[in-house]
Amino acid sequence: MPGLLERETHAGLQAGDERLARSELRRQIGRLERELAGLAAEAFPLRTIETPIGAPPGPPRIAGLGELEQVRDALAERIGEARRALAKQAELWTRNRELLERMLADPAAYKWVRVSRADVGEHGCGHWHSRPRLGPLGMLMGWWRVKVSSGCPLAGRLAAVELQEAPG
Amino acid sequence: MEGAGARPEAAWEPSPEHGRVAPRVAAEFPGLGIAWVEVDARSGPSPEAVRRRLRDLSDRFYGAHAIHMREQPIPWSYRVFFRQIGLDPDDVRTPAEQLALDRLHDGAFLTRGLPADAVTIAIAETCVALRAYDAARLEGRLCIRESAPGESLAGRPGQLEHGTLVIADERAPLELLFGGEPGRVVDRDTRRVALVAVQVKGVPQVAVDEALWIAASVIQS
């Protein structure tokens with residue numbers, strides 16, 4: 001009898017420990033989910049961060065330790081991927097901004113190079129384009145300049161295009 | 001509020017009933033709860049005031065909103081809970097996120113008549129998971145529990161996997177807690193609607209009350 005009681009107590013302790021472990025894993029999942037959501041929001045709209053983790057199919061259930069660990073690890077992996085992707089993106093934007101600065105300083109050295117706002121991590125449709133002043137004459141004379149586009153087309157102009165393209 | 005006999009929203013005070021969460025489930029998920037109110041049903045097309053409210057909500061809602069939604073406390077809480085019960089919220093969407101996606105896909109919150117529009121408005125306003133049942137088809141109090149061996153959902157083929165988290169009345173499971181097709185939904189013959197909110201850890205009680213209040217007020221408007 002004492003042995004049985006001892007075993008029951010031990011089993012109870014184990015169950016309690018497992019519950020605590022699941023609780024801790026759930027807490028970690030919550031923290032990681034918040035971090036991933038933050039990264040997805042930070043990247044939007046210039047980049048999409050993949051957030052699905054491919055959870056095993058099944059109905060809603062009390063997920064066990066192994067399953068929760070899988071979810072936590074998958075989230076951590078997603079966050080790692082997202083951070084690496086964002087860091088790579090930031091590095092590219094920095095390089096493009098440096099290119100733009102050099103291009104603005106010496107347009108003739110960057111003939112026909114075009115840098116968009118998206119290339120430097122800015123919103124909108126504008127771009128910088130190294131072009132010759134006065135067309136072919138400028139090309140022959142080496143009169144190069146960086147032309148800044150006027151940005152996104154206005155809604156009215158887009159509507160006019162749609163009207164033109166509409167059949168009939 | 002418009003129309004003869006309409007009640008002003010402020011005059012109506014809901015007193016939600018709170019259901020039981022099975023002890024094993026409650027021990028695993030503190031903060032999980034279920035609450036509901038019953039109101040007289042008004043089925044059919046939504047009145048102009050409700051459709052206008054849907055349009056106003058549509059105008060306030062953009063793509064960026066859908067992306068940033070998951071950073072907000074309540075949608076985040078549901079996403080976390082989904083992950084904790086083995087669902088991927090990017091595959092099986094939380095109610096608020098599904099609504100956001102539908103809004104972006106359709107270009108607006110489309111009207112589906114009452115009481116569906118009331119539920120849509122309440123979810124869009126509060127992000128609380130809400131659903132509507134035909135109150136006459138419910139027996140006793142609602143609860144959240146694990147399915148027992150051999151149980152199935154009414155009108156669905158096959159048995160539920162043992163331990164599936166379900167919303168149930170005192171007779172049988174009504175539907176999966178999340179991620180399933182709605183059960184015992186409202187139809188033309190429904191006389192009373194049970195508006196049911198599922199609360200998870202991180203969702204304040206005041207938000208649940210507000211969701212129920214908004215949905216009930218819209219139905220009664």
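Since we're looking at a predicted model, the values are computed, not measured.

Caption draft 1: Structural view of the overall build of chain B. Regarding its fold elements, chain B presents seven helices and eight strands. Its C-alpha atoms give chain B a radius of gyration of 17 Å, within 12% of the compact-globule value 17 Å for 221 residues. Viewed in the frame of its principal axes, chain B has a C-alpha envelope of about 50 × 40 × 30 Å. Here chain B holds 221 residues, and 48% of them are scored as buried. For chain B, the share of sequence-separated contacts (at least 6 apart) that also reach a separation of at least 24 residues comes to 70%.

Caption draft 2: Quick look at the overall build of chain A. Within chain A, the regular secondary structure consists of four helices and three strands. Starting at the N terminus and walking to the C terminus, you meet the elements of chain A as α-α-β-β-α-β-α. Going through the 168 residues of chain A one by one, you find that 18% of them count as buried.

Caption draft 3: Looking closely at the environment of His127(A). Residue and element names in this part refer to chain A. Among the secondary structure elements, His 127 is positioned in strand 2 (residues 127-132). Taking the C-beta count within 10 Å as the criterion, His 127 has 16 such neighbours and is therefore assigned partly exposed. For the pair formed by His 127 and Ser 149, sequence separation is 22 residues and the distance between their alpha carbons is 5.4 Å. Residues in contact with His 127, not counting those within four places in the same chain, are Arg 114, Val 115, Ser 116, Arg 117 and Ser 149.

Caption draft 4: Up close: the packing of helix 2 (residues 48-59) of chain B against helix 6 (residues 116-126) of chain B. Residue and element names in this part refer to chain B. Orientation of helix 2 relative to helix 6, taken along the N-to-C sense of each, is 35°, at an axis distance of 10 Å. By crossing handedness, the relation of helix 2 to helix 6 is classed as left-handed. In this structure, helix 2 uses Val 50, Arg 53, Leu 54 and Leu 57 to contact helix 6, whose residues at the interface are Asp 117, Thr 120, Ile 121 and Ala 124. Looking at the contact of helix 2 with helix 6 residue by residue, the class counts come to five nonpolar, one polar and two charged.

Caption draft 5: Local environment of the interface of chain A and chain B. Each partner contributes to the interface: chain A provides 25 residues, whereas chain B provides 28 residues. Elements with a contribution of two residues or more to the side of chain A that touches chain B: helix 1 (2-43) and helix 2 (65-105) of chain A. Looking at the side of chain A that touches chain B, the element that brings in the most residues is helix 1 of chain A, giving eleven residues. Here the side of chain A that touches chain B is composed, by residue class, of 13 nonpolar, five polar and seven charged.

Caption draft 6: Fine view of the domain arrangement of chain A. Residues and elements named next belong to chain A. Split by domain assignment, chain A resolves into domain 1 (1-48 + 65-105) and domain 2 (107-168). Listed per partner, the contact involves eight residues of domain 1 and eleven residues of domain 2. Taken together, the residues that form the side of domain 1 that touches domain 2 break down as six nonpolar, one polar and one charged.

Caption draft 7: Geometry of the nonpolar core. All names here are of chain B. Ranked by internal contacts, the top residues of the largest apolar core, which has 83 residues, are Val 128, Leu 130, Leu 195, Ala 197 and Ala 215. With eight residues, helix 7 (residues 205-220) is the largest single contributor of residues to this core. Ignoring sequence-local partners within four residues, the contact set of Val 128 consists of Ile 74, Ile 123, Ala 197, Val 203, Ala 207, Val 208 and Ala 211.

Conventions used here
- Every chain is numbered on its own, with residues counted from 1 as its sequence reads.
- The lettering of chains begins at A and the numbering of ligands begins at 1, in the order of writing.
- Local features in this predicted model are restricted to residues whose pLDDT is 70 or higher, and side-chain atom pairs enter the listing and the counts only when it is 80 or higher, whereas totals over whole chains, interfaces and linings include all residues.
- A run of H or I in DSSP becomes a helix once it reaches four residues, and a run of E becomes a strand once it reaches two; helices and strands are each numbered from the N terminus.
- Computation of the radius of gyration draws on C-alpha atoms, with the globule rule given as 2.2 Å multiplied by the number of residues to the power 0.38.
- In this scheme every C-beta is placed from the backbone, and a residue whose C-beta has 20 or more other C-beta atoms within 10 Å is buried, one with 12 or fewer is exposed, and one in between is partly exposed.
- Distance between backbone-placed C-beta atoms decides contact: two residues are in contact if it is within 7 Å.
- Only the contacting stretch of a helix is used when fitting its axis, a line to C-alpha atoms as for every element, and angles between N-to-C directions run 0 to 180 degrees.
- The handedness criterion is simple: a crossing whose near helix is rotated anticlockwise from the far helix by less than a right angle is left-handed, and one whose near helix is rotated clockwise is right-handed.
- In this classification, Asp, Glu, Lys and Arg are treated as charged, Ala, Val, Leu, Ile, Met, Phe, Trp, Tyr, Cys and Pro as nonpolar, and every other residue, Gly included, as polar.
- Each domain's limits were defined by an automated method or a database of domain assignments.
- Nonpolar cores are built from buried Ala, Val, Leu, Ile, Met, Phe, Trp, Tyr and Cys residues. These are joined into a set through C-beta atoms within 7 Å.

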